[in-house]
Amino acid sequence: PGPVKKIVDKVMDVGAGLTPAGRADIPGVPASMPPTVEEPVEPHTPLPAKPDQDVPTPLSATGRTDGPSKTVRAQDGAFLTSAQGARLPDTDHSLKAGPRGPVLLQDHHLREKVMHFDHERIPERVVHARGAAAHGVFRGYGTTAEVCKAAFLAKDVDTPVFVRFSTVLGSRGSADTVRDTRGFATKFYTSEGVFDLVGNNIPVFFIQDAIKFPDIIHAGKPHPDREIPQAQSAHDTFWDFVSLHTEATHHTLWNMSDRGIPRSFRTMEGFGVHTFRLVSATGATTLVKFHWKPKAGVHSLVWEEAQMISGMDPDFHRRDLADAIEAGAHPQWELGIQTFPDTPEQTFQGIDLLDPTKIVPEELAPVQPVGLLTLNANPTNFFAETEQVAFHVGHLVPGIDITDDALLAGRLFSYLDTQITRLGGPNFPQIPINRPHAAVNDMLRDGFHQDAVHTGVAPYKPNSLDGGCPFFAGAGDHAYIEHPTPIAAAAKVREASASFDDHFSQARLFWLSMSPAEREHIIAAYTFELGKCYERAIKERTLLVLANIDPYLCRQVAQGLGLPTPEASQPLTEAQPSPALSQVSRTWPTAGRVIGIVTDGTCDLGAVDTVRRSVLAGGMVPLIVAPTGGTLTGEGADPVTVQRSFATARSVEFDALLLAGAPVPAADAQGGRDAKAGASALAATPVDPRIVLMLQEAYRHAKPIGGWDNAEAALQAAGIGADALGVVTGSDSEAVLRDITALLGAHRVWDRFPAPSESGA
Ligand code: HDD
């Protein structure tokens, strides 16, 4: 409750002035600095980072903990200076011959300022351009000792991490809630060097060989002629490619499911996708797949919500992550592993472990927890950290090795290569966010943006001039030694293993594992996306693909498109469903969920305040919605601060809605309506249309709705019966909240979604 309270207070500050409360208490800032919108003029030292940006292990010039703080390095002294440190008296006027000009070429400050500005942008990532990140810590459970010697997995070892979440297709400025795969990349600054786990929120990939990556990305990105549409797959080139290249079927189905539109980064699973190889201290090997399991549960948006948020708050996921961390509600994930014997076939129960379009269902190989990730600090500077962080699947530590997955092989080349263009040269590991926290003594020298001043004369080995330094490490010194995996003699071919030809059985497994509501969402997603395509041939070809997943899916989408339903071209497999793939039928924690309390001045303010406090006590976030901003006051009740006005609130921000109606006085109960109740925005006739809209949307998106004190009038105006599914009314506001919280445990009122006429199983 404590941390969540902070976030609510922060919301309350909005509109209260530009100066955050308490700034005068910050060391180094004169107490006389007035809390005003006026610009302070007294010189003082730079302000420290905000509390939520307090990285436990500050990055120093070497990436080690014992150097100067990054703030001191970048911003030193009270005075504005040029990049060369000359103090400046003015930055508002160019140097001119008289006040009316002309401007003089000798104005160094003007030229330096504009020159730098002209070069502030770097190329955005060719994929995953839009992202948000946070610092954190990973604590090993020590459960992997038998299979993996990596030091960071040992019991109670704390390792600093930096995690970046992203969408794949959109540009840097695109919206967060588009339908897409999400990146989940983690940089572990371990004592044995940097380990990057560069995964996604979907456990399979579109392609089995990295040589197809430029093809799938060219197809998914906007059309090359008009550069539209932005950040989405609902267009001809994407469906053209995936309908022809059917190994994309499984990943595409995940994208069309609720997994393609997560509720929040905090409620996403993460997957390493490939099979990696673990090596134990004795040299024994085990094949492994990595999983991230969010403590907050796995939740998604519904499609209409996602579309509305794209317009209303394109930064929805980025804001959610930063707000949660600032509030002290630190998001957590458990790292888990599925392990498989390292046999020469590299298969598990018939599943080819080198095929990245395949999962191993958790029911066949349980996910074993190996450590806990906690994100506890926001970046101090977006560009320096989030934009410049460089992940690479080849950043490995002793105990974690690669396999012969052909998708992984291409990635091992691509992630180093791309940084040359993106970060301007080979010295990107020296950028503070990329610096290892382990000691670095390489023999890489010179190049663009070389920050280090290397000593010695012999960056080569063997040498005697630098005393033979640096020296080779042995296994006992934590050297990274590639596991000597035997390679079978073979002819050079451009071919894939025959087992890679199965493109449909696991797509069917996924489909069969979905609940009826999730299946309807998938049908709606395919119908929407293909409905946005122009070419009939592309739609028809995709229907052929769907026929090989499931006849019901195919028929429903065909109906929606107004096209005939084709027959499957091969027999359907009888896959065993994997319940772990469904997000429904489980109860999740409710901490961190957002509850809108809709009210106005005429309601029982005491009840509103009590409910607000109970929501906070439950670790959830209450936001008061009222006709205007400001504070609600009433006789005998504490003032209640409004966080959202009817003009700024929209249903998509809330996981559940509560309506604080207007109590009807005893006299009124016998007939007629008293002036107070009549003036209520919730009981007025007609009910404020913005409330009606909010209720209708929340109902359509299957969110729990509760109300007390004649809230039925507003529900009625929205066409919602007081006895409708997931709607709770009554006179006891606390009891209503209890019921709503219980409903939130399921995330949505799933039965409210239209039931399919046949399950498709
Ligand atoms: Fe990739 C970025 C995840 C296949 C080439 N990829 C990138 C990021 C994530 C992934 C999360 C963003 C990292 C960040 O936040 O900076 N990529 C994946 C996964 C894949 C995958 C899970 C398949 C299992 N990627 C893949 C292939 C190639 C690339 C096959 C090239 C052959 N990916 C890149 C890249 C990016 C990248 C071009 C863009 C920016 C960057 O690397 O640093 O090199």
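Residues numbered from 1 in each chain as written. Predicted model: local features only at pLDDT ≥ 70, side-chain atom pairs only at ≥ 80, totals over all residues.

Enquirer: So what exactly am I meant to see when it comes to the overall build of the protein here?
Expert: The helix and strand inventory of the protein stands at 20 helices and 20 strands. Across the 761 residues in the protein, those meeting the buried criterion constitute 41%. Long-range contacts, defined here as pairs at least 24 residues apart, represent 71% of the contacts in the protein between residues at least 6 apart. (Helix = DSSP H or I, 4+ residues; strand = E, 2+ residues; numbered from the N terminus. Buried ≥ 20, exposed ≤ 12 C-beta atoms within 10 Å, placed from the backbone. Contact = placed C-beta atoms within 7 Å.)

Enquirer: I keep staring at the domain arrangement of the protein and nothing clicks. Help me out?
Expert: Quite often, the size of an interface is put as the accessible area lost when its parts meet. Domain annotation of the protein identifies domain 1 (131-433), domain 2 (504-581) and domain 3 (594-744). Its C-alpha centre places domain 1 at a distance of 40 Å from the equivalent point of domain 3. Classifying every residue of the side of domain 1 that touches domain 3 gives four nonpolar, no polar and two charged. (Domains from an automatic or database assignment. Nonpolar A, V, L, I, M, F, W, Y, C, P; charged D, E, K, R; others polar.)

Enquirer: Could you clarify how one ought to interpret the site of the ligand in this entry?
Expert: In the neighbourhood of the ligand, 27 residues make up the surrounding shell, with Arg125, His128, Arg164, Gly183 and Ser414 lying closest. Among the secondary structure elements, those contributing two or more residues to the shell around the ligand are strand 2 (158-167), strand 3 (182-190), strand 4 (193-200) and helix 10 (406-422). The element contributing the most residues to the shell around the ligand is helix 10, with six residues. Counted by class, the shell around the ligand contains 14 nonpolar, 10 polar and three charged residues. (Near = placed C-beta within 6 Å.)

Enquirer: Any chance you could explain the sheet that holds strand 20 (residues 727-730) here in plain terms?
Expert: Sheets are built from strands paired through backbone hydrogen bonds, the pairs being either parallel or antiparallel. The parallel open sheet is built from six strands, whose spatial order is 17-14-13-18-19-20. For this open sheet the edge positions go to strand 17 (644-645) and strand 20, each flanked by a neighbour on one side alone. Both strand 19 (residues 705-708) and strand 20 contribute to a ladder of four bridges, which runs parallel. Paired with Trp708 across the two strands is Gly730, which belongs to strand 20. On the sheet, helix 20 (residues 733-744) packs against strand 18 (656-660), strand 19 and strand 20 and is oriented at approximately 175° with respect to strand 19. (Pairing = 2+ DSSP bridges. Axes fitted to C-alpha atoms, helices over the stretch in contact; angles between N-to-C directions.)

Enquirer: Even after reading the chapter, I still don't get the pairing of strand 14 (residues 621-626), so can you show me in this structure?
Expert: If a strand is regular, its side chains alternate between the two faces of the sheet. For strand 14, the buried fraction is high: six of the six residues fall into the buried class. Here strand 14 shows a buried face lined by Val621, Leu623 and Val625 and a second buried face lined by Pro622, Ile624 and Ala626. In terms of strand pairing, strand 13 (residues 594-598) meets strand 14 through five bridges, oriented parallel. Its bridge partner being in strand 14, Ile597 is matched across the sheet by Ile624. Across two bridges, strand 14 lies against strand 17 in parallel orientation. Looking at the pairing, Val625 lines up with Arg644 of strand 17.

Enquirer: Help me understand the UniProt feature "active site" (unreviewed entry) in the protein in this model?
Expert: In the numbering adopted here, UniProt assigns the feature "active site" (unreviewed entry) to His128 and Asn200. Annotated residues spanning 73 residues; largest pairwise C-alpha distance 10.5 Å, indicating a single compact cluster. Within the fold, His128 resides in the loop between helix 3 (108-118) and strand 1 (131-140). On the basis of neighbour count, His128 is assigned to the buried category, with 22 C-beta atoms found within 10 Å. In contact with His128, not counting residues within four places along its chain, are Ser166, Val168 and Gly183. Judged by the 24 C-beta atoms lying within 10 Å of it, Asn200 falls in the buried class. Among residues more than four places away in sequence, those in contact with Asn200 are Thr181, Arg182, Gly183, Phe184, Phe271 and Val273. (UniProt positions renumbered as here; feature names shortened; annotations may be inferred.)

Enquirer: Which parts of the structure should I look at to understand the nonpolar core?
Expert: Nonpolar side chains in soluble globular proteins tend to end up buried together. Judged by nonpolar contacts, the single largest core of 104 residues is most densely connected at Leu546 and Val557. For this core, the two domains that each supply at least three residues are domain 1 (131-433) and domain 2 (504-581). What Val557 contacts, discounting residues up to four positions off in sequence, is Ile523, Tyr526, Thr527, Leu530, Leu543 and Leu546. Judged by nonpolar contacts, the second largest core, of 51 residues, contains Val608, Ile624, Val625 and Leu743. (Core = buried A, V, L, I, M, F, W, Y, C linked by C-beta atoms within 7 Å.)

Enquirer: Hey, could you run me through unusual backbone geometry in this one?
Expert: A negative phi holds for most residues other than glycine; trans holds for most peptide bonds. The omega torsion across Gly101 and Pro102 is 5°, close enough to zero to call that bond cis. By secondary structure assignment, the location of Pro102 is in the loop between helix 2 (70-74) and helix 3. A cis amide bond links Lys461 with the next residue in sequence, Pro462, at an omega value of 0°. Structurally, Pro462 can be placed in the loop between helix 10 and helix 11 (505-513).

Enquirer: Looking at this structure, how should I read the environment of Asp550?
Expert: Tracing the backbone shows Asp550 in the loop between helix 13 (536-547) and helix 14 (551-561). Among the residues examined, Asp550 registers 23 C-beta atoms within 10 Å and is labelled buried. Sequence separation between Asp550 and Trp511 is 39 residues; the distance between their C-alpha atoms is 7.8 Å.

Enquirer: In this structure, what is going on with the packing of helix 15 (residues 605-617) against helix 20? I would like to understand it.
Expert: Angle between the axes and distance between the axes are the two parameters that describe a pair of packed helices. Put simply, helix 15 and helix 20 touch, their axes get as near as 10 Å, and they point 30° apart. On the basis of the axis angle, helix 15 is roughly parallel to helix 20. Classified by chirality, the crossing of helix 20 by helix 15 is right-handed. Along its contact with helix 15, which presents Ala607, Thr610, Val611, Ser614 and Val615, the element helix 20 presents Ser733, Glu734 and Leu737. Of the residues assigned to the contact of helix 15 with helix 20, the class counts are four nonpolar, three polar and one charged. (Parallel < 35°, antiparallel > 145°, perpendicular 65-115°, else oblique. Left-handed = near helix turned anticlockwise from the far one by under 90°.)

Enquirer: Mind showing me how you'd approach the packing of helix 13 against helix 14 here?
Expert: Where helix 13 contacts helix 14, the two axes come as close as 8 Å, and the packing angle between them is 160°. Our classification of the angle between helix 13 and helix 14 gives roughly antiparallel. Residues Lys539, Leu543, Leu546 and Ala547 of helix 13 pack against Pro551, Leu553, Cys554, Val557, Ala558 and Leu561 of helix 14.

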